[in-house]
Amino acid sequence: MPEFIGEAKMELEGNSRGRVNSMPNQSAPTMNKLCRQVSIESPGPLVKDCVFSFDVPVPDVPANGARIRVGCAGACYSSKRANSQSSMTSMSSQGSLSGDVSTMCGSGSVGSICQNPSYYGVRDAALFPGYEVAGIVEALGVEVGSEPSVKIGDKVVVYPYEGVPHGYAEYMTVPELKYLVKVPDNMPLSVAAMLPTGALWAMNTIQVAREHILKILQEQGNSERVKVLLVGTGGLALWALRLAKYYLNDVQDQLLLVVASLRDEGILLAKEAANVSVVQWNEDCYERVLIERTKDSCEGEVNIVIDFGTTSRSLHRSLQCLSKGGIVLISSEVSDRLLPKFSRRAEELQQTIKPVDLGSLEQLRELVDLVSSGKLEPPPHTVFPADQAKEVIRKLCNSEIQGRAILRFHSID
């Protein structure tokens, strides 16, 4: 793969958009008009090369927005191959998680065992891989006011707004400054890059779960513990455990929290909290065995399932472990595909499948504050140069990286 990290610069003189506010104390430099971009597609049995690098134009600065020099971005990939190079984008690192198992394996059977390495491999996911972007403000638009919320040179993280360009390029833009959350100097950009999607979704999901936990405790008069099953592994599960410890601290004595580990990170998950049980969902076992094993660990059926591994197979299994009147929380990103398949069955069992959105801009600001203040410790992560993206994806598919993998585009910290 060609050398990715470079001093990609832009020719400001004669720019069709007119004046651009550039880096302070610097004259407008003569820059190249191209920068490097990486596209990461979903690996699979028939796909040998899933990482592509090519030149793209450095984006012009929106009049009311900013251009960001990308420092770090979460390493994930698209769940489906694009129809053309022009439409190559990093859609969902839940490709191994949120992708329908029957679609990925070419089988309509819920119990079929998928042979796609991405299904067995990458379990660590963000909703919008490539959208987990942290960097510095490189330029401001010509119509930005004299007292902007962020300034040139500020470290920022990008909120994944509707239509956000993916972050697998050396530069990206935002149309409005409100989508940028300033990052404190004490927070590494590699940590900040984990927050906008995976951590933010985990945060919103735990907060939604808290509402249901409090409701259940009120209804049953605190006489029994609320049983919560967390399905997932890797970064999402690790974030969720940390967030649960923070947001559910006042009711932890009334909770039974069990993690269904989709891979071999059960030991790592068990170390996260002494009062958390881990049950291994080994895909080589029969469904009946896995369901019985899970119920034993949960001391019976559970009240709430947080399913971060939402495939048809995992959701089917989760519903089998859920009590009458229970609720399963899944990503809104997969709800349109899965709800038609399972809503009738859930209604028959008086169960609820509730989609949970990514999380708000205000929640992202809160998340940045929690991490920067030390109230919330980020999970383990490993930083790789962006030109090693192909090797990173290989390692992710073989579960050789614990926690998150972060690609570094520019050394800014």
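As the structure is a prediction and not an experimental result, all values here were calculated from the model. (Residues numbered from 1 in each chain as written. Predicted model: local features only at pLDDT ≥ 70, side-chain atom pairs only at ≥ 80, totals over all residues. Heavy atoms only, no water.)

## Focus on the overall build of the protein
So, point 1. Counting its secondary structure elements, the protein contains 11 helices and 15 strands.
So, point 2. The contacts of the protein with a sequence gap of at least 6 include a subset with a gap of at least 24, amounting to 75%.
So, point 3. Carbon and sulfur atoms form 46% of the exposed surface of the protein, whose accessible area is close to 17,400 Å². (Helix = DSSP H or I, 4+ residues; strand = E, 2+ residues; numbered from the N terminus. Contact = heavy atoms within 4.5 Å. Areas by Shrake-Rupley, 256 points an atom, 1.4 Å probe, with all protein chains shown as cover.)

## A closer look at the pattern of salt bridges
So, point 1. All told, the structure shown has 9 salt bridges when counted by the stated rule.
So, point 2. The partner of Glu287 in a salt bridge is Arg313, with the nearest N and O atoms 3.3 Å apart. Highlighted residues: Glu287 in helix α7 (residues 287-297) and Arg313 in helix α8 (residues 312-321), separated in sequence by 26 residues.
So, point 3. A relative accessible area of 17% places Glu287 in the buried class.
So, point 4. Of the residues examined, Arg313 reaches a relative accessible area of 2% and is grouped as buried.
So, point 5. By sharing partners, the salt bridges in this structure join Glu287, Arg313 and Arg317 into a single network. (Salt bridge = Lys/Arg side-chain N within 4 Å of Asp/Glu carboxyl O. Buried < 20%, exposed > 50% of the residue type's maximum accessible area, 1.4 Å probe, protein only.)

## Describing the sheet that holds strand β12 (residues 322-331)
So, point 1. Taken together, the 6 strands give an open sheet; going across it, the order is β10-β9-β8-β11-β12-β13, and neighbouring strands pair in parallel fashion. Of all strands in the sheet, those with a lone pairing partner are β10 (276-280) and β13 (352-356), marking the two edges. The average undirected angle you get between the axes of adjacent strands in this sheet is 20°.
So, point 2. As paired strands, strand β8 (residues 226-231) and strand β9 (residues 255-261) are joined by 6 bridges and run parallel to one another. When the bridges of β9 are listed, Val228 appears paired with Leu257.
So, point 3. Sitting on the sheet, helix α4 (residues 195-219) touches β8, β9, β11 (302-307), β12 and β13, and the angle it makes with β11 is about 170°. (Pairing = 2+ DSSP bridges. Axes fitted to C-alpha atoms, helices over the stretch in contact; angles between N-to-C directions.)

## Digging into the packing of α4 against helix α10 (residues 361-372)
So, point 1. Look at α4 against α10: their axes get within 10 Å of each other, and the N-to-C directions meet at 100°. Compared by their axis directions, α4 and α10 come out roughly perpendicular. Taken together, the residues of α10 that come into contact with α4 (itself represented by Leu195, Pro196, Ala199, Leu200, Met203, Asn204 and Gln207) are Gln363, Leu364, Glu366, Leu367, Val368 and Val371. (Parallel < 35°, antiparallel > 145°, perpendicular 65-115°, else oblique.)

## Things to note about the environment of Leu241
So, point 1. Examined against the element boundaries, Leu241 turns out to sit in helix α5 (residues 234-247).
So, point 2. Here Leu241 falls in the buried class, since its relative accessible area comes to 6%.
So, point 3. Once the C-alpha coordinates of Leu241 and Val259 are considered, the two residues, 18 residues apart in sequence, prove to be 9.1 Å apart.

## A short note on the nonpolar core
So, point 1. Val137, Leu180, Leu195, Ile213, Trp239, Leu243 and Ile306 are the most contacted members of the largest nonpolar core, which totals 87 residues.
So, point 2. Per-element tally for this core: the top contributor is α4, with 12 residues.
So, point 3. If we ignore the near neighbours within four places in the chain, the residues touching Ile306 are Thr205, Ile206, Ala209, Val228, Leu229, Leu230, Val231 and Leu329.
So, point 4. Counting residues in each nonpolar core, the second largest holds 23 residues, with Val231, Val258, Val305 and Leu338 among its members. (Core = buried A, V, L, I, M, F, W, Y, C linked by side-chain atoms within 4.5 Å.)

## Observations concerning α8
So, point 1. Judged by how many residues are buried, α8 sits mostly within the fold: 8 of 10 residues are covered.
So, point 2. Every buried residue of α8 is accounted for by Ser312, Arg313, Ser314, Leu315, Arg317, Ser318, Leu319 and Cys321.

## Some remarks on the packing of aromatic side chains
So, point 1. A full pass over the atoms with the stated rule returns 3 aromatic pairs.
So, point 2. Aromatic pair Trp201 and Phe308: ring centres 4.9 Å apart, planes at 75°, arrangement edge-to-face. In this pair, Trp201 is assigned in helix α4 and Phe308 in the loop between β11 and α8, connecting sequence segments 107 residues apart. Considered together, Trp201 and Phe308 belong to a single accessibility category, that of buried residues.
So, point 3. Lying across the ring of Trp281, Arg317 places its NZ or CZ 4.6 Å from the centre. (Phe/Tyr/Trp six-rings, centres within 6.5 Å; stacked < 30°, edge-to-face > 60°. Lys NZ or Arg CZ within 6 Å of the ring centre and 35° of its normal.)

## Overview of α4
So, point 1. Given a rise of 1.5 Å per residue, 25 residues ought to cover 36 Å, and the 34 Å separating the end C-alpha atoms of α4 matches this to within 8%.
So, point 2. By the criterion of burial, α4 is predominantly enclosed, with 18 of the 25 residues buried. (Expected span 1.5 Å × (residues − 1).)

## Structural notes on the environment of Leu248
So, point 1. On the secondary structure map, Leu248 appears in the loop between α5 and β9.
So, point 2. By relative accessible area, which is 8% here, Leu248 ends up buried.
So, point 3. Put simply, Leu248 and Gln207 are 41 residues apart on the chain and 8.7 Å apart in space, counted from C-alpha to C-alpha.
So, point 4. When sequence neighbours within four positions are dropped, the list of residues in contact with Leu248 reads Ile206, Arg210, Ile213, Leu243 and Leu255.

## Some thoughts on the packing of α8 against helix α9 (residues 332-348)
So, point 1. Following both chains from N to C, one finds α8 and α9 inclined at 20°, their axes separated by 11 Å at the closest point. By the criterion of interaxial angle, the relationship of α8 to α9 is roughly parallel. For the crossing formed where α8 meets α9, the hand is right-handed. Seen from α8, the contacting residues are Ser312, Leu315, His316, Leu319 and Gln320; seen from α9, they are Leu338, Lys341, Phe342 and Arg345.
So, point 2. Taken together, the residues that form the contact of α8 with α9 break down as 4 nonpolar, 3 polar and 2 charged. (Left-handed = near helix turned anticlockwise from the far one by under 90°. Nonpolar A, V, L, I, M, F, W, Y, C, P; charged D, E, K, R; others polar.)

## Side note on unusual backbone geometry
So, point 1. The residue Glu299 is not glycine, and still its phi comes out positive at about 55°.
So, point 2. Tracing the backbone shows Glu299 in the loop between α7 and β11.

## Looking at the confidence of the model for the protein
Detailed reading of the predicted model is not advised wherever pLDDT is low.
So, point 1. Of all residues in the protein, 69% attain a pLDDT of 70 or more, and the chain-wide mean is 75.
So, point 2. Segment residues 23-31 is flagged for pLDDT under 50; beyond a separation of four residues in sequence, or across chains, it makes 15 contacts in the model. (pLDDT = per-residue confidence, 0-100.)

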